[in-house]
Amino acid sequence: MTTSDLLHHPLKVGALTLANRVIMAPMTRARSEQPGDVPTTLNAEYYGQRAGAGLIISEGMPISPSGKGYAFTPGIYTDAQQAGWKRVTDRVHAKGGLMAAQLWHVGRISHHSVLAPNAAPLAPSAIRARSKTFAFDDNGLPGMVDCDMPVAMDKDDIARVVEEFAEAARRAMAAGFDMVELHAANGYLLEQFLSVSTNQRTDNYGGSLINRARFVLEVVDAVIEAVGPERVGIRLSPWCPPAVNDMDFQVQAREIVLYLATGLSARNIAYIHLAEWPSGAYSTEFRSALRTAFEGAILVCGGYDQEKATTVLEQGFADAVAFGTAFIANPDLPERFARGAPLAQADTNTFYGGGARGYTDYPYYSPIGASTP
Ligand code: 8OZ
């Protein structure tokens, strides 16, 4: 089997059969119609260009006003947003692709300028993130600002956010998505419950490993109830370091992720998606323990190139590999891998915000000169 063969094998993931194992990673791009954080035809064009991915995982979509922590991120909690996403999924489907909606609550990684009037960020405990988010400064100008002090969620807040995830999942299905992915990685709300660095609760959502996992499993159960287990995936990032949103997910990271994996396997969800911190550093022992604990598909992401991706598939530690920046600059990434074509480099200046430049203007590969997608 040649290198490209394995990445290009079809793969069953829950209810879906992916045409290949080259996944488009979820990436915040901060382009949406304002006010209202509504997905636009430009977003449809961007995702449609990348429909050759085995599965596109959307940028994180705030599930509610309190789930938002960044300016311009398109949400999935209003009728207008749902209709905007329908345009996106229609385009992806018309081009033969499949797409998952990433459901996102930022928790404490937020700022009053992007929240409802007088609202504070929600978190398991009132511990402020010593990190920044992209919101609005005191003059109303977009830029990096310090995260605000969060309030510790009470039982009503917890029940409400669980229901917000379920409602967002229902909206995602109504908007034509093929799958939902719960964002439980990179220092956002769900991971904030998992890690002792951010969860110092003394009720049954904090303390023991089982208690810290409780909120995540409640959200999973509510979302399964809404859309069925075969359309649910989850993103996890054990060992997520402080450099990422001041998360420090070290204590019992292995144990809690394997505990979750066992519970998720019993629930028959479609996949676990690892955001690897640091890139590619997970031990083979952890990777095989995860394989044993979880029967669904395993997606990995973080610093993979074609060669490393093929190796992790060959080793049997993953079923598919997600690519981020490579998909920004190479809308036809799976095709380039298959042909051994050179890869274009992404311009980091246009990652967040703005319009078509650095978003929909990266060409498809052509041996006689690049072509417009
Ligand atoms: C980069 C910029 C803003 C948000 C993540 C959702 O890290 C993000 C994100 C990444 O998962």
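See the structure above.
Here is a short report on the structure shown in this document.

Rules used in this analysis
Residues numbered from 1 in each chain as written. Predicted model: local features only at pLDDT ≥ 70, side-chain atom pairs only at ≥ 80, totals over all residues. Heavy atoms only, no water. Helix = DSSP H or I, 4+ residues; strand = E, 2+ residues; numbered from the N terminus. Buried < 20%, exposed > 50% of the residue type's maximum accessible area, 1.4 Å probe, protein only. Contact = heavy atoms within 4.5 Å. Pairing = 2+ DSSP bridges. Right-handed = clockwise from strand over helix to strand, strands pointing away.

It is worth spelling out unusual backbone geometry at this point. Omega for the peptide link from glutamine 34 to proline 35 comes to -5°, which places this bond in the cis form. Here proline 35 is to be found in the loop between strand E3 (22-24) and helix H2 (41-49). That bond from tryptophan 277 to proline 278 is cis: its omega, -15°, falls within 30 degrees of zero. Tracing the backbone shows proline 278 in the loop between strand E12 (271-275) and helix H8 (284-293). The residue asparagine 245 is not glycine, and still its phi comes out positive at about 55°. Within the secondary structure, asparagine 245 is located in the loop between strand E11 (232-236) and helix H7 (253-266). The exposure class assigned to asparagine 245 is buried, which follows from its relative accessible area of 12%.

Here we come to the side chain of serine 237. If you trace the backbone, serine 237 turns up in the loop between E11 and H7. For serine 237, a relative accessible area of 0% puts it in the buried group. Ignoring any residue separated from it by four or fewer positions in sequence, one finds serine 237 in contact with Ala184, Ala185, Asn186, Glu191, Phe249, Ala275, Trp277 and Tyr282.

Of all five residues in strand E13 (residues 297-301), five are buried; the element is thus mostly enclosed. Residues of E13 alternate between two faces, with Ala297, Leu299 and Cys301 on one and Ile298 and Val300 on the opposite face, all of them buried. Here five bridges tie E12 to E13, and the two strands are oriented parallel to one another. Directly across from histidine 273, in E13, lies its bridge partner leucine 299. With H8 bridging E12 and the parallel E13, this β-α-β connection has right-handed handedness. Looking at chain direction, E13 and strand E14 (residues 320-323) are connected through three bridges and run parallel.

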